Amino acid sequence: HQQLLVCLERGLFLRRRLYAESSPEVTKACRHLCEACNLAATRMLQTENLKGACDLLKRAEQVADKSDIDRAITWNNLACYYRRMGKLRTA
């Protein structure tokens with residue numbers, strides 16, 4: 001997953017240099033990165049890598065601002081993370 005995330009980050013960086021922030025190219029790159037971060041984070045939660053999961057979910061939250069669905073999925077995964085940490089109010 002690490003290599004995929006690095007490639008997606010690089011792709012997003014380059015698209016932001018070539019296209020406007022509101023362009024379909026940047027939006028699509030954000031969605032792909034958000035999905036990959038969420039997938040990797042849920043796998044890390046399953047293996048008790050809580051710090052890594054938190055970092056990826058925070059990154060997913062940053063790039064999810066263009067899509068309500070991505071935001072909802074990310075927030076759901078963040079709730080799972082906070083439940084795992086015992087922070088039920090935050091979840």
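Residues numbered from 1 in each chain as written. Predicted model: local features only at pLDDT ≥ 70, side-chain atom pairs only at ≥ 80, totals over all residues. Heavy atoms only, no water.

J.: Is there a simple way to explain the overall build of the protein chain in this structure?
T.: The helix and strand tally for the protein chain stands at four helices and zero strands. Tracing the protein chain from N to C terminus, the helices and strands come up as α-α-α-α. A globule of 91 residues ought to have a C-alpha radius of gyration of about 12 Å, and the protein chain, at 14 Å, matches this closely. If you line up the protein chain on its principal axes, its C-alpha atoms span 45 × 25 × 15 Å. Buried positions account for 36% of the 91 residues belonging to the protein chain. Taking all contacts inside the protein chain whose residues are at least 6 apart in sequence as the whole, residues at least 24 apart take part in 55%. Accessible area of the protein chain: about 5,900 Å², with a carbon and sulfur share of 55%. (Helix = DSSP H or I, 4+ residues; strand = E, 2+ residues; numbered from the N terminus. Rg over C-alpha atoms; globule rule 2.2 N^0.38 Å. Buried < 20%, exposed > 50% of the residue type's maximum accessible area, 1.4 Å probe, protein only. Contact = heavy atoms within 4.5 Å. Areas by Shrake-Rupley, 256 points an atom, 1.4 Å probe, with all protein chains shown as cover.)

J.: What should I look at first to understand helix H3 (residues 50-63) in this one?
T.: One turn of the α-helix equals 3.6 residues, which is why residues spaced by three or four share an orientation. For H3, with 14 residues, the first-to-last C-alpha span of 20 Å sits near the 20 Å given by 1.5 Å per residue. Of all the positions in H3, only Leu50, Gly52, Ala53, Cys54, Leu56, Leu57, Arg59, Ala60 and Val63 are classed as buried. Contact partners of the buried residues in H3: helix H1 (2-18), helix H2 (24-46) and helix H4 (68-84). Where H3 starts, the residue carrying a side-chain oxygen 3.0 Å from the main-chain nitrogen of Gly52 turns out to be Asn49. (Expected span 1.5 Å × (residues − 1). Polar contact = N/O pair within 3.5 Å; in protein donor to acceptor, adjacent residues only side chain to side chain.)

J.: Sorry if this is basic, but what is going on with the nonpolar core here?
T.: Proteins that are soluble and globular tend to have nonpolar side chains buried together. In this structure, Leu5, Leu12, Leu33, Cys37, Leu56, Val63 and Tyr81 are the most contacted members of the largest nonpolar core, which totals 23 residues. Of all the secondary-structure elements, those providing two or more residues to this core are H1, H2, H3 and H4. With ten residues, the top contributor of residues to this core is H2. If we ignore the near neighbours within four places in the chain, the residues touching Val63 are Leu12, Cys30, Leu33 and Cys34. (Core = buried A, V, L, I, M, F, W, Y, C linked by side-chain atoms within 4.5 Å.)

J.: Please explain the environment of Gln2 as it appears in this structure.
T.: If you trace the backbone, Gln2 turns up in helix H1. Sequence separation between Gln2 and Ala36 is 34 residues; the distance between their C-alpha atoms is 9.8 Å.

J.: Any chance you could explain unusual backbone geometry here in plain terms?
T.: One non-glycine residue, Glu48, lies in the positive phi region at around 65°. Looking at the element boundaries, Glu48 is found in the loop between H2 and H3. Judged by relative accessible area, Glu48 falls into the exposed class, the value being 51%.

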